Number of protein chains: 2
Amino acid sequence: MATTPRRPSMADVASRAGVSYQTVSRVLNEPDVVRPATRSRVLEAISALGYTPNRAARALKTTRSSLIGMLTDGSALFGPAETTTAIETAARDAGYSVVLTTVGADDAGCREIGAELLSSGADGVLVVAAHEGMVPAVAAVARSTPVVAVSAQAPRVPGVEVVGVDQRLGAHQVVEHLVRTGARSVVHASGPQDWFDARARLDGFEQALEEHGLDGAVVGPGDWTPLAGYEMTSALIKDGLPDAIFAANDMMAIGVLHALHEHRLRVPEDVAVVGFDNMLGAEFLVPSLTTVSQPFADLGRLALQRLLCLLEGRELPAGTPRTLPPRLVVRRSTRPERTH
Amino acid sequence: MATTPRRPSMADVASRAGVSYQTVSRVLNEPDVVRPATRSRVLEAISALGYTPNRAARALKTTRSSLIGMLTDGSALFGPAETTTAIETAARDAGYSVVLTTVGADDAGCREIGAELLSSGADGVLVVAAHEGMVPAVAAVARSTPVVAVSAQAPRVPGVEVVGVDQRLGAHQVVEHLVRTGARSVVHASGPQDWFDARARLDGFEQALEEHGLDGAVVGPGDWTPLAGYEMTSALIKDGLPDAIFAANDMMAIGVLHALHEHRLRVPEDVAVVGFDNMLGAEFLVPSLTTVSQPFADLGRLALQRLLCLLEGRELPAGTPRTLPPRLVVRRSTRPERTH
DNA sequence: CGCCCGAATGATAACGTTCACATTGAAGCA
DNA sequence: TGCTTCAATGTGAACGTTATCATTCGGGCG
């Protein structure tokens, strides 16, 4: 009774079932090779003792930790959170655990973060809300571990695969919708340009603008927050408003709407407003926000699938996309499209 | 050249530095006991080889994994996300990594989730958005591992410590503010009652109602989403509105505001609205939302600190709170308080 | 000068698995 | 019957650490 209640090991299970520890190992790893009778005896012993395999020992022996590192931004943004959850669930289904690592605003300890992620023994790493600040950490990791980034475009790090939503396409869809609803001038309230997604949205915006010969301008960059959208819009109101404002994300759009409301400007009659992300609640803003829906959860699953292929040396199923399409969701913050 | 590029081990470092691997171990774990000259020689070898300790081996030997399990809800809610980040950062500072485990809506695999968390070898577990659905998993874990829950009240699981924001107090503050601003009747659009926080807010609401002799009712329960708030409010509009609506969280408040706006009802003149959480953007809703701010980040750090004490057998610093106070943030969705 | 002591380092064993190979036993076949 | 063969299980070693004990080497002191 005085002995420390050590977690049961294979040896304990083995002696209870009257077999050797190797047989127990086999029951766990290649069940069909052991005779049904012994197998069930072992299984019974396992559940009776509440045995769980010691992952440290397994990792030591196999040099594979069954851990996936997830590098993500510290801000509590909607999209990343959803992607994160999808990744974790899919990883668990595949027999992996996810170790979370957030990188804050400061680049300071960033290379160090990479080293820590590495030493945590992750078999592979997923980068979720990719921005410049992560590049040092990613570069440090990528030399010795497969990395898949969820991002609009490859962080300029060799050996990093990329899976993402086509942000440029999304921006195009926004501009085209605005054109169809009569806007002649559009301002993009841009996001932080060290984020790859923000840059791609801006690129797509400028390109679409040119294609349609629209008047347009870019203000910002903002930092994804409502306050940024609010301040940019307040400035615009002073300097002259366009027909429409395209915010880099829904949070900034909230600030845009607020500023307009504050000045008794009507949306969409005076100014149309579009966001990006289709976050929870976008539909219930005042007015209901036209925005671009991103398949965050699918994205997470796709990224994980890619990483698993890298890890296990499998080929990707043919036809697996590298890029997912966004979807424009038209609501009340833009003028209705003419239906012929 | 044909040999697999194995990660360097202590033995490699040792032979390069001309010492035994035990000395390398000592340099890492108790540096002062080794002579400065040899120590620097070893350190030089470490950095030259890019050696990082093998955590699996260490974990196997010490029976401590330096892993903290974080059990959290799958929904992409704002509060949990912020708490999560704070925990991860604090954990990393303390030399721990965080393995993330989300539990979805289905209770099905829930006990199993506990077992997996356990077998992942976490030294301790933090429960972040506690609700009934987690109880089986938590119970499974708690028998063999320290658990701290971030929650309004103890999930009824023995041996689980609790750290939380005083939700009842928050609800009290809301009701009192509403009373001071002239409301005579308040409806609480309640949250999912299997969440401990939602239950506590409801309790606090009812208690405060009684104390102040107010008219009141509870509608719901909702599921934290804007849609829920919207539907409850739509029903209220048909059946008769109170002076104020207290939504269980800000997301639901968004739906409440939307429904009111849709019926041309003015906030706060016709109905005052209050939320809970002070999520990013609450300030910029239309109108700016009065709500209860929760110190999500502090909460995460506090929970981690408590868990570390449990893990390392330390006493908590005297005066460390078990409960953090919320803070009422008065904005424009409620009538202004009279200033004498 | 011989002894002992402490500081610095080395050697050995163990943690709980999995891998590679050895052993057992029963069945198949001439 | 005696041999081979294959299925089922057991044995020994190793993964990279840390814990424990053993060894070495100067120097202080009687």
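Residues numbered from 1 in each chain as written. Chains lettered and ligands numbered in written order. Predicted model: local features only at pLDDT ≥ 70, side-chain atom pairs only at ≥ 80, totals over all residues. Heavy atoms only, no water.

**With respect to the interface of chain B and chain A**
The criterion, for reference: What makes two residues a contact is simply this: any of their non-hydrogen atoms within 4.5 Å. Buried area, as used here, totals the accessible surface that two parts lose on assembly, with accessibility defined by a 1.4 Å probe and the loss added over both. Any pair of N or O atoms that falls within 3.5 Å is considered a polar contact. Within protein, one atom must be able to donate a hydrogen and the other to accept it, and sequence-neighbouring residues count only if both atoms are side-chain atoms. Note on residue classes: Ala, Val, Leu, Ile, Met, Phe, Trp, Tyr, Cys and Pro are nonpolar, Asp, Glu, Lys and Arg are charged, and everything else, Gly too, is polar. In this description, strands pair whenever DSSP reports at least two bridges between them. Here a helix means four or more residues in a row that DSSP labels H or I, a strand means two or more in a row labelled E, and each is numbered from the N terminus.
If you look at the interface, chain B gives 48 residues, while chain A gives 48 residues. Carbon and sulfur atoms supply 71% of the area buried between chain B and chain A, which totals about 3,900 Å² over both sides. On the chain B side of the interface with chain A, the three residues burying the most area are B:Leu100, B:Phe284 and B:Val286, jointly 18% of the side's total. Applying the counting rule to chain B against chain A returns 12 residue pairs in polar contact (both at pLDDT 80 or more). By residue class, the composition of the side of chain B that touches chain A is 24 nonpolar, 17 polar and seven charged. Sheet analysis places strand S2 (residues 97–103) of chain A next to strand S2 (residues 97–103) of chain B, joined by three bridges and oriented antiparallel.

**Focus: the domain arrangement of chain A**
Convention followed: For every domain, the bounds stem from an assignment made automatically or drawn from a database.
Entries for chain A in the domain assignment read domain 1 (18–53), domain 2 (63–166 + 296–325) and domain 3 (167–294). Just the C-alpha atoms count here: the centres of domain 1 of chain A and domain 3 of chain A sit 60 Å apart.

**Comments concerning the protein's contact with DNA strand D**
Here is the rule we go by: Near is defined per residue: the residue qualifies when any heavy atom it owns lies within 4 Å of the molecule or strand.
Around DNA strand D there are 27 residues in total, and A:Ser20, A:Thr23, B:Ser25, B:Tyr51 and B:Lys61 lie nearest to it. Close to the protein, within 4 Å, the atoms of DNA strand D are drawn from sugar and phosphate at a rate of 56%. The separation between a phosphate oxygen of DNA strand D and a polar side-chain atom of A:Thr23 is 2.5 Å. For DNA strand D, a base oxygen lies 3.0 Å from a polar atom in the side chain of B:Gln22. Elements supplying a minimum of two residues to the surface near DNA strand D: helix H2 (21–29) and helix H4 (55–62) of chain A together with helix H2 (21–29) and helix H4 (55–62) of chain B.

**A few points about the nonpolar core**
Nonpolar side chains tend toward joint burial in soluble globular proteins. The test is simple: Definition of nonpolar core: a set of buried residues of the types Ala, Val, Leu, Ile, Met, Phe, Trp, Tyr and Cys, connected through side-chain atoms within 4.5 Å. Here's how the labels work: a residue is buried when its accessible area is under 20% of the maximum for its type, exposed when over 50%, partly exposed in between, all with a 1.4 Å probe on protein chains only.
Ranked by internal contacts, the top residues of the largest apolar core, which has 62 residues, are A:Met252, A:Val273, B:Met252 and B:Val273. Sequence-distant contacts of A:Val273, that is, excluding residues within four places in its chain, are made with A:Ile245, A:Ala253, A:Val256, A:Leu257, A:Leu260, A:Val267, A:Leu289, A:Thr290, A:Ser333 and A:Thr334. Residues A:Leu307, B:Ile68, B:Leu311 and B:Leu324 belong to the second largest nonpolar core, which totals 44 residues.

**Some words on the relation of the copies chain B and chain A**
Here is the rule: Least squares is used to superpose the copies, and the fit set is the C-alpha atoms of residues whose pLDDT is at least 70 in both copies.
Superposition of chain B onto chain A requires a rotation of 180° combined with a translation of 0.1 Å along the rotation axis, giving an RMSD of 0.2 Å. The transformation just described matches what one would write down for a two-fold rotation axis. Considering only C-alpha atoms, the part of chain B nearest the rotation axis is B:Val99, at 2.0 Å. A symmetric contact is evident, with 98% of the interface residues of chain B recurring at the interface of chain A.

**Remarks on the pairing of strand S1 (residues 67–73) of chain A**
All names here are of chain A. Rule in force here: Here, the term right-handed applies to a crossover whose path from the first strand over the helix to the second runs clockwise when the strands point away from the viewer.
Burial analysis of S1 places seven of its seven residues in the buried class, which makes it a mostly covered element. Here S1 shows a buried face lined by Leu67, Gly69, Leu71 and Asp73 and a second buried face lined by Ile68, Met70 and Thr72. Where S1 meets S2, seven bridges bridge the pair, whose relative direction is parallel. Bridging across to S2, Met70 finds its partner in Leu100. Read as a crossover between parallel neighbours, the route from S1 over helix H5 (residues 78–93) to S2 is right-handed. The pairing of S1 with strand S3 (residues 124–127) spans four bridges and is classified as parallel. Looking at the pairing, Gly69 lines up with Val125 of S3.

**With respect to the protein's contact with DNA strand C**
Close to DNA strand C lie 27 residues; A:Ser25, A:Tyr51, A:Lys61, B:Tyr21 and B:Thr23 are nearest. Considering DNA strand C, the proportion of its atoms within 4 Å of the protein that are sugar or phosphate atoms stands at 55%. Within the side chain of A:Gln22, an N or O atom sits 3.1 Å from a base nitrogen of DNA strand C. The backbone of B:Ser20 places a nitrogen or oxygen atom 2.9 Å from a phosphate oxygen of DNA strand C. Where the surface near DNA strand C is concerned, the elements lending two or more residues are H2 and H4 of chain A together with H2 and H4 of chain B.

**Observations concerning the side chain of A:Glu88**
In this structure, A:Glu88 sits in helix H5. A:Glu88 sits in the buried class, given a relative accessible area of 2%. Among the polar contacts listed, one links the side chain of A:Glu88 to the side chain of B:Thr102, at a separation of 2.6 Å. The contact partners of A:Glu88, leaving out residues within four places of it in the chain, are A:Val98, B:Leu100, B:Thr101 and B:Thr102.

**A short note on helix H5 (residues 78–93) of chain B**
All names here are of chain B. Let me state the cut-off plainly: For a helix, the expected span equals 1.5 Å multiplied by the number of residues minus one.
For H5, with 16 residues, the first-to-last C-alpha span of 23 Å sits near the 22 Å given by 1.5 Å per residue. Among the 16 residues of H5, 13 are classified as buried, and the element is accordingly described as predominantly covered. One or two residues past the end of H5 sits Gly95, with phi positive at roughly 90°.

**Remarks on the packing of aromatic side chains**
The test is simple: When the centres of two rings from Phe, Tyr and Trp lie within 6.5 Å, Trp using its six-membered ring, the rings pair. Their planes under 30 degrees apart give stacked, over 60 give edge-to-face, and anything left gives tilted.
By the definition in use, this model includes eight aromatic pairs over all chains. When the ring of A:Phe205 is compared with that of A:Phe246, the centres are 6.0 Å apart and the planes differ by 50°; the resulting orientation is tilted. Pair noted here: A:Phe205 is in helix H9 (residues 196–211) and A:Phe246 is in strand S8 (residues 244–247), with a separation of 41 residues, a long-range link. Like A:Phe205, the residue A:Phe246 is buried in the burial classification. When the ring of A:Tyr230 is compared with that of B:Phe284, the centres are 5.3 Å apart and the planes differ by 50°; the resulting orientation is tilted. Of this pair, A:Tyr230 sits in helix H10 (residues 226–239) while B:Phe284 sits in the loop between strand S9 (272–274) and strand S10 (291–293), on two different chains. In this structure, A:Tyr230 and B:Phe284 share a single accessibility class: buried.

**A word on the sheet that holds S8(A)**
Paired through their backbone hydrogen bonds, the strands of a sheet run either parallel or antiparallel. Residue and element names in this part refer to chain A. How we decide: Axis angles are defined between N-to-C directions and span 0 to 180 degrees, where every axis is a line fitted to C-alpha atoms and, for a helix, only to the segment in contact.
The four strands are arranged S7-S6-S8-S9 in an open sheet whose pairing can be described as parallel. The open sheet has two edge strands, strand S7 (215–219) and strand S9 (272–274), and neither has a second partner. This sheet shows a mean twist of 20° between the axes of neighbouring strands, independent of strand direction. The pairing of strand S6 (residues 185–189) with S8 spans four bridges and is parallel. Bridge pairing links Val186 to Ala244 in S8.

**Re the pattern of salt bridges**
Residue and element names in this part refer to chain A. Under the convention used in this document: The term salt bridge refers to a side-chain nitrogen of Lys or Arg lying within 4 Å of a carboxyl oxygen of Asp or Glu.
Within the structure shown, the criterion is met by 20 salt bridges over all chains. Notably, a salt bridge pairs Glu44 with Arg16, separated by 3.8 Å at the nearest N-O pair. With a gap of 28 residues between them, Glu44 in helix H3 (residues 36–49) and Arg16 in helix H1 (residues 10–17) connect regions that are remote in the sequence. Among the residues examined, Glu44 registers a relative accessible area of 45% and is labelled partly exposed.

**Details of the packing of helix H8 (residues 167–180) of chain A against H9(A)**
Residue and element names in this part refer to chain A. Heads up, the condition is: Here roughly perpendicular refers to angles of 65 to 115 degrees, roughly parallel to angles under 35, roughly antiparallel to angles over 145, and oblique to all remaining angles. Throughout, a crossing is termed right-handed when the near helix is turned clockwise from the far one, and left-handed when it is turned anticlockwise from it by less than a right angle.
Relative to each other, H8 and H9 sit at 45°, their axes nearing to 7 Å. One way to sum up the angle between H8 and H9 is to call them oblique. When you trace H8 past H9, the crossing you get is right-handed. The residues of H9 that touch H8, namely those facing Gln167, Arg168, Ala171, His172 and Val175, are Asp197, Ala200, Arg201, Asp203, Gly204, Phe205, Gln207, Ala208, Leu209 and Glu211. Among the residues making up the contact of H8 with H9, the classes are represented as six nonpolar, four polar and five charged.

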